[in-house]
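Observations on the model geometry
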Amino acid sequence: MPDNSHRLGGVSILTVTPLDENGRVSEANLRDLLKFVTAPSIDGESPRSVTVVAEMGEGYALTPEDQAAVVRIAKDEVGGKCAIIAAVFALSFRDAVEQATRLRDAGADAVLVAPVAPFVYTGKILERFYGAIGDAVDLPLIAYLNKMFKKELPSDEILKAVYAIPSVIAIKDSTGDMEFQRRLIAARPEGKLMIQTVTGIALEGVKEGADGLMVGTSNIVPDSVLEVWVHGRGG
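Everything numeric in this text was worked out from a predicted model, so none of it was measured.

**Comments concerning the packing of aromatic side chains**
- The full count for this structure, using the stated rule, is two aromatic pairs.
- Both rings, one in phenylalanine 93 and one in phenylalanine 129, keep their centres 4.9 Å apart while their planes meet at 55°; by these two values the pair is tilted. Note that phenylalanine 93 is positioned in helix 4 (residues 93-106) and phenylalanine 129 in helix 5 (residues 123-137), a separation of 36 residues in sequence.
- Ring plane angle 75° and centroid distance 5.0 Å describe the contact between phenylalanine 129 and tyrosine 130, whose orientation is recorded as edge-to-face.
- Residue class for tyrosine 130 comes out buried when judged on its relative accessible area of 0%.
- Members of the aromatic cluster, connected to one another through ring pairs, are Phe93, Phe129 and Tyr130.

**Some remarks on the pairing of strand 1 (residues 10-14)**
- Counting buried positions over the five residues of strand 1 gives five, a clear majority of the element.
- As judged from the two bridges shared by strand 1 and strand 8 (residues 212-213), these two strands associate in the parallel manner. Directly across from valine 11, in strand 8, lies its bridge partner leucine 213.
- Here three bridges tie strand 1 to strand 2 (residues 49-52), and the two strands are oriented parallel to one another. Bridge assignment links isoleucine 13 to a residue of strand 2, and that residue is valine 50.
- After leaving strand 1, the chain enters helix 2 (residues 27-37) and then returns to the sheet as strand 2, a path that is right-handed.

**A closer look at helix 2**
- By the burial criterion, the buried members of helix 2 are Leu30, Arg31, Leu33, Leu34 and Val37. The buried residues of helix 2 occupy one face: seen down the axis, they fall within an arc of 160°.

**Focus: the nonpolar core**
- Val52, Tyr130 and Val162 are the most contacted members of the largest nonpolar core, which totals 61 residues.
- Aside from chain neighbours lying at most four places away, what touches valine 162 is Leu126, Ala143, Leu145, Val168 and Ile171.

**A few points about the side chain of serine 49**
- Secondary-structure assignment places serine 49 in strand 2.
- A relative accessible area of 0% places serine 49 in the buried class.
- A polar contact of 2.7 Å, which involves the side chain of serine 49, links it to the side chain of serine 12.

**A look at the pattern of salt bridges**
- Taken as a whole and judged by the stated rule, the model has 13 salt bridges.
- Note that arginine 31 and aspartate 76 form a salt bridge whose closest N and O atoms lie 2.8 Å from each other. Here arginine 31 is found in helix 2, whereas its partner aspartate 76 is found in helix 3 (residues 64-78), with 45 residues between them in sequence.
- Assessed through its relative accessible area of 19%, arginine 31 is described here as buried.
- According to the relative accessible area criterion, aspartate 76 is exposed, its value standing at 54%.
- Here glutamate 77 ties to arginine 31 by a salt bridge, and the two come within 2.7 Å at their closest N and O atoms.

Rules of the game
- Residues numbered from 1 in each chain as written.
- Predicted model: local features only at pLDDT ≥ 70, side-chain atom pairs only at ≥ 80, totals over all residues.
- Heavy atoms only, no water.
- Phe/Tyr/Trp six-rings, centres within 6.5 Å; stacked < 30°, edge-to-face > 60°.
- Helix = DSSP H or I, 4+ residues; strand = E, 2+ residues; numbered from the N terminus.
- Buried < 20%, exposed > 50% of the residue type's maximum accessible area, 1.4 Å probe, protein only.
- Pairing = 2+ DSSP bridges.
- Right-handed = clockwise from strand over helix to strand, strands pointing away.
- Arc of directions from axis to C-beta.
- Core = buried A, V, L, I, M, F, W, Y, C linked by side-chain atoms within 4.5 Å.
- Contact = heavy atoms within 4.5 Å.
- Polar contact = N/O pair within 3.5 Å; in protein donor to acceptor, adjacent residues only side chain to side chain.
- Salt bridge = Lys/Arg side-chain N within 4 Å of Asp/Glu carboxyl O.

Okay, structure coming up:
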């Protein structure tokens, strides 16, 4: 498996997907957006990755062909300076593996994966789920856990079990709960990452140890998000 951990921390631009009047991907507008959001640089730090076809990127609504096209366009436009993270939101284990494989073949460097809803998960089930995807695509995975925990957040045991999965390089947190972030950081082993995705607590999250930011506001003000990262890491 390629070691992209150094490219998956820092600021990841969580991109929208520009569409034309027919609901298809607008390649020209997507290329312009990618150039804009990856241009900022502060104190030698620039966005390290772009995350495509996630919720904000219309991942649920795009056809499989358009999802793959977005990845190919991103790879061609900014792949030389940024890692390309592609999101998988599937309705079955088999579908998750098929989506991840298709996005890998289109050029993804890592895959963001939410577990299949609406099942209840244990550490063992998640090990099998993420393990199967990791074995199939041989790419680093970012686990998006809190999609499935509607009423309660994962236990420390589940967090440790997911971090221990060899293919999982990071856990993404969008709860907006700083106490949950502290638990994620406490459970995080050496070599694994914790990524914060809520703009409202981004600065606090970075100051308290988040390894990366993946926030939607980076589509509009990528320089401001990068500034939060740089100054948060500086204390």
